[in-house]
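# Observations on the model geometry
Listed here are the chains, written in short residue letters.
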There are 2 protein chains.
Amino acid sequence: MSHSLDAPLPPENITLEVVAKVAGVSPATVSRILNGSARVSDRKRSAVMAAIKTLNYRPNALARGLAQGRTNSIGVLTQDIASPFYGEALRGVEDALAGTGMIPLFASGHWRLEDEIERMEHLLSRRVDGVIVLTGKLSDAQIEAYAKVVPIVVTGRHMQSEQVTSLSIDNSLGAYIATRHLIEYGHTRIAHVAGPADHIDALSRLKGYRDALVEAGIAFDPELVAHADFHEPGGVLAIHQLLATRKTFSAVFAANDQTAFGIQLALSRHGIRVPDEISVVGFDDLPVSSYMIPPLTTIRQPVYEMGVASAKALVAMITGQPYTPQLAPPELIVRASSKLLRR
Amino acid sequence: MSHSLDAPLPPENITLEVVAKVAGVSPATVSRILNGSARVSDRKRSAVMAAIKTLNYRPNALARGLAQGRTNSIGVLTQDIASPFYGEALRGVEDALAGTGMIPLFASGHWRLEDEIERMEHLLSRRVDGVIVLTGKLSDAQIEAYAKVVPIVVTGRHMQSEQVTSLSIDNSLGAYIATRHLIEYGHTRIAHVAGPADHIDALSRLKGYRDALVEAGIAFDPELVAHADFHEPGGVLAIHQLLATRKTFSAVFAANDQTAFGIQLALSRHGIRVPDEISVVGFDDLPVSSYMIPPLTTIRQPVYEMGVASAKALVAMITGQPYTPQLAPPELIVRASSKLLRR
DNA sequence: ATGAAAGCGCTAACAT
DNA sequence: ATGTTAGCGCTTTCAT
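## Re the protein's contact with DNA strand D
- Near DNA strand D you find 24 residues, and of these A:Leu16, A:Tyr57, B:Thr29, B:Arg32 and B:Ser41 are the closest.
- What you see for DNA strand D is that sugar and phosphate hold 70% of its atoms within 4 Å of the protein.
- B:Ser26 is positioned such that a nitrogen or oxygen atom in its backbone is 2.9 Å from a phosphate oxygen of DNA strand D.
- B:Ser41 places a main-chain nitrogen or oxygen 2.5 Å from a phosphate oxygen of DNA strand D.
- Taken together, the elements giving at least two residues each to the surface near DNA strand D come down to α2 (27-35) and α4 (61-68) of chain A together with α2 (27-35) and α4 (61-68) of chain B.
- When residues of the surface near DNA strand D are assigned to their parent elements, the largest contribution, four residues, is made by α4(A).
- Grouping the constituent residues of the surface near DNA strand D by class yields 11 nonpolar, nine polar and four charged.

Listed below in structure tokens is the structure:
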């Protein structure tokens, strides 16, 4: 009648209850041990540990999350999982979370508002304990709305409230420093290949460029500004555009490194030598930038650190601890692509 | 006694039950609508949809997963979330999953066995429906063991069983093609900067290089092989090493593009022109490779496609459908870093 | 210090 | 076509 030897039981799921049974204790006790939520006698503890080991028990994070009302996971809304730039931030988040028992869930918004919303909803459906939003197209109001549901850390803008911490790199300052560097090198005809006109970072960098010029008494010339898309091909196109204007310039400040790569290649194709004829300065300091030929002078942003700080800030918000993220200012990295203008 | 106006209710969690109540139907009906698991009258359906809308209801994925025994999520065990190479694969996975309702959980093993195991356990704890393992250090036996728990797709090796699908790029062939290209260009003194000696891909590429030489009747010279680490600085070091041997060579085949970047820079620092004096060929075709100066001749691997195929294969395994992943062979991309040897 | 029992939000038989 | 009921695997009062 009951189970016999020749009718093997179905491979039973190893649950906490099974562990309890094997260890001869109640489920509650096992739970207490797993969570360290109460004192348990050493005898029972070791019995339970042994059972866990031999049964190869893996706690079910879903059940745990359901019961506790928290999942020990945080959402990270990025734009492109393969971005050389944001990749560093993701790594920072991951590293900062290591050892905290929290796990990051990465989702990509592809710079499309609708995608961002969809991913956000997905993350919330999974009941993440918090979300890090790496720039993107969500409006401040939308962020605020989501913040009613979970604590949020957002980069690339300024907003502060009970449930929102923002963290940003001073793009404008970085661009100012880059332009200033070229000016100090004697350049006065400095072109700028900007990013997309609807991108907040691009706009800030354009502003920094402009500020530095004005400060140095150099007139801002709109014809020396070309807009690109933050990617290499855009840099190539922009140079074509700039050269076509027949305006002269001895230096180019690119809105980011990828754009600078395109610029360097396009110049080289035109037989224009960098830095001898034209100096190039980028922005970001991607890992490969120091391996370009010539190695790229650029503005180093603490992206990795930004990832770390975001994660720490979010965890602090979740656990209710105080934490004020601090970010180093952008820093000029002088390499071989920029050069003193010979008179 | 009961709740009064001046004692506002705690902000009630909007659950499926609440939706049901508001719509005047049973929870089961709401569930059926959400899952399309049975026909529901149009009247009730619209009532429910309305309630969902006004309440801004978000299904709890945890509860759903617990009840269904599946989470609609798959684990992706990569090595480095910011790797320019694997990044493309991650993107492929993400794209392939878009629209299937499945979400990828990315975890990094950092090329450390212990980390890989820890991340794997974490993913299993979260009850992912399957796992994609992008190379890494787990042994075949370990993969098999995990495959007892969830279906697995693994790249970079050959193993096949009920619960394991493997998918790999023919590294050896790619290296053969690269070397063959140099030979056809008249080179006979071809150096190779290999990857780590404990890396399966590095070994296969070394083999392909060797095979091509032997086939062409060129003696394999161990002194023309330097080992590096798949990263840029390793390429720089390797060139120093190679030049120090005082052996002559007119071409270098690098085990990957990042190594080739280091090589190009090191050569340029030594005043050796690429490709006039030395031709360089890489492996991977990273997005930036076509923007190096000179643009890098390399072997294009279908990494993105590999990500797509992995995801499709895994989903097929999970849903019990048949699917045999097909991967394009590696392809030679001739750019400016390699050149016909002048006699 | 430990156990019993209720409940987290959902789905899946089983009824009707 | 729809409602009722019993879990999914865990945590957490509440007892003892």
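Once the structure has been displayed, the description carries forward.
## Remarks on the relation of the copies chain A and chain B
- The transformation that overlays chain A on chain B combines an axial shift of 0.1 Å with a rotation of 180°, and the residual RMSD is 0.1 Å. In short, the pair behaves as if placed about a two-fold rotation axis. Proximity to the rotation axis, assessed at the C-alpha, singles out A:Leu62 in chain A; its C-alpha lies 2.6 Å from the axis.
- When the interface residues of chain A are mapped onto chain B, 100% of them again fall at the interface, so both copies present the same face.

## What to know about the domain arrangement of chain A
- Here chain A is partitioned into domain 1 (11-59), domain 2 (71-169 + 303-328) and domain 3 (171-300).
- Taking the mean C-alpha position of each, domain 1 of chain A and domain 3 of chain A sit 62 Å from one another.

## Quick look at the interface of chain A and chain B
- Each side of the interface is counted separately: chain A has 51 residues, and chain B has 51 residues.
- When chain A packs against chain B, close to 4500 Å² is buried across both sides, 61% of that on carbon and sulfur atoms.
- For chain A, the biggest contributors to the area lost against chain B are A:Arg58, A:Leu62 and A:Tyr291; these three give 18% of the whole.
- Joining chain A to chain B, the criterion identifies four salt bridges.
- Notably, a salt bridge pairs A:Arg91 with B:Asp80, separated by 2.5 Å at the nearest N-O pair.
- The interface formed by chain A and chain B includes 14 residue pairs in polar contact (both at pLDDT 80 or more).
- Taken together, the elements giving at least two residues each to the side of chain A that touches chain B come down to α4, α5 (84-97), β2 (103-108), α6 (113-125), α10 (232-244) and α11 (257-269) of chain A.
- Here the residues of the side of chain A that touches chain B sort into 25 nonpolar, 15 polar and 11 charged.

## Details of the protein's contact with DNA strand C
- Close to DNA strand C lie 25 residues; A:Thr29, A:Arg32, A:Ser41, B:Leu16 and B:Tyr57 are nearest.
- Within the backbone of A:Ser26, an N or O atom sits 2.9 Å from a phosphate oxygen of DNA strand C.
- Within the contact set of DNA strand C, a phosphate oxygen lies 3.2 Å away from a side-chain nitrogen or oxygen of A:Lys44.
- Within the residue set of the surface near DNA strand C, elements represented by two or more residues are α2 and α4 of chain A together with α2 and α4 of chain B.
- Its residues placed into classes, the surface near DNA strand C shows 11 nonpolar, nine polar and five charged.

## Points about the side chain of B:Gln79
Residue and element names in this part refer to chain B.
- Along the chain, glutamine 79 turns up in the loop between β1 (73-78) and α5 (84-97).
- There is a polar contact of 3.2 Å between the side chain of glutamine 79 and the side chain of glutamate 116.
- Filtering out sequence-adjacent residues up to four positions away, glutamine 79 remains in contact with Ser108, Gly109, His110, Trp111, Arg112, Glu116, Leu134, Thr135 and Gly136.

## Digging into the environment of A:Tyr146
- Secondary-structure assignment places A:Tyr146 in helix α7 (residues 140-147).
- Given the relative accessible area of 9%, A:Tyr146 is considered buried.
- Along the primary structure A:Tyr146 and A:Val48 are separated by 98 residues, whereas in three dimensions their C-alpha atoms are 41 Å apart.
- Aside from chain neighbours lying at most four places away, what touches A:Tyr146 is A:Ile117, A:Met120, A:Glu121, A:Leu124, A:Leu138, A:Ile152 and B:Arg58.

## Looking at the sheet that holds strand β6 (residues 190-194) of chain A
Residues and elements named next belong to chain A.
- Read from one edge to the other, the open sheet built from four strands follows the order β7-β6-β8-β9, with strand pairing classed as parallel. At either margin of the open sheet sits one strand with a lone partner, and together these are β7 (225-227) and β9 (279-281). Neighbour-to-neighbour, the strand axes of this sheet turn through a mean angle of 15°, independent of strand direction.
- The pairing of β6 with β7 spans three bridges and is classified as parallel. Looking at the pairing, alanine 194 lines up with histidine 227 of β7.
- This element, helix α8 (residues 171-184), spans β6, β8 (251-254) and β9 of the sheet and lies at about 170° to β8.

## Let's talk about empty space enclosed by the protein
- Applying the stated criterion across every chain yields a total of five cavities of 30 Å³ or more.
- Roughly 180 Å³ of internal volume is contained in the largest cavity.
- As for the largest cavity, its lining consists of A:Ala61, A:Leu62, A:Thr71, A:Ser73, A:Leu105, A:Arg126, B:Ala61, B:Leu62, B:Thr71, B:Ser73, B:Leu105 and B:Arg126.
- Contributions of two or more residues to the lining of the largest cavity are made by α4 of chain A together with α4 of chain B.
- Taken together, the residues of the lining of the largest cavity break down into six nonpolar, four polar and two charged.

## Notes on unusual backbone geometry
Residue and element names in this part refer to chain A.
- In the segment running from valine 274 into proline 275, the intervening peptide bond is cis, with an omega of 5°.
- Within the element layout of this structure, proline 275 appears in the loop between α11 and β9.
- The phi torsion at arginine 127 lies on the positive side, around 55°, for a residue other than glycine.
- With a phi close to 75°, phenylalanine 230 is a non-glycine residue in the positive phi region.

## Considerations on the packing of aromatic side chains
Residue and element names in this part refer to chain A.
- Following the criterion strictly, the structure yields eight aromatic pairs over all chains and no others.
- When the ring of phenylalanine 253 is compared with that of phenylalanine 283, the centres are 6.4 Å apart and the planes differ by 45°; the resulting orientation is tilted. In this pair, phenylalanine 253 sits in strand β8 while phenylalanine 283 sits in the loop between β9 and β10 (298-300), placing the two residues 30 residues apart along the sequence.
- The class for phenylalanine 253 is buried, based on a relative accessible area of 0%.
- What makes phenylalanine 283 buried here is its relative accessible area of 0%.

## Some thoughts on helix α8 (residues 171-184) of chain B
Residues and elements named next belong to chain B.
- Over its 14 residues, α8 extends 20 Å from the first C-alpha to the last, a length consistent with the 20 Å expected when each residue adds 1.5 Å.
- Three or more residues of α8 are buried, namely Asn171, Ser172, Gly174, Ala175, Ala178, Thr179, His181, Leu182 and Ile183.
- Glycine 186 occupies a position one or two residues after α8 and carries a positive phi of about 95°.

Conventions used here
- Residues numbered from 1 in each chain as written.
- Chains lettered and ligands numbered in written order.
- Predicted model: local features only at pLDDT ≥ 70, side-chain atom pairs only at ≥ 80, totals over all residues.
- Heavy atoms only, no water.
- Near = heavy atom within 4 Å.
- Polar contact = N/O pair within 3.5 Å; in protein donor to acceptor, adjacent residues only side chain to side chain.
- Helix = DSSP H or I, 4+ residues; strand = E, 2+ residues; numbered from the N terminus.
- Nonpolar A, V, L, I, M, F, W, Y, C, P; charged D, E, K, R; others polar.
- Least-squares fit on C-alpha atoms with pLDDT ≥ 70 in both.
- Contact = heavy atoms within 4.5 Å.
- Domains from an automatic or database assignment.
- Buried area = accessible area lost by both parts, 1.4 Å probe.
- Salt bridge = Lys/Arg side-chain N within 4 Å of Asp/Glu carboxyl O.
- Buried < 20%, exposed > 50% of the residue type's maximum accessible area, 1.4 Å probe, protein only.
- Pairing = 2+ DSSP bridges.
- Axes fitted to C-alpha atoms, helices over the stretch in contact; angles between N-to-C directions.
- 1 Å grid on protein atoms, 1.4 Å probe; cavity = no way out; pocket = protein on both sides within 12 Å on 5 of 7 lines; lining within 4 Å.
- Points joined across faces, edges and corners; volume = space filled by probe spheres on them.
- Phe/Tyr/Trp six-rings, centres within 6.5 Å; stacked < 30°, edge-to-face > 60°.
- Expected span 1.5 Å × (residues − 1).

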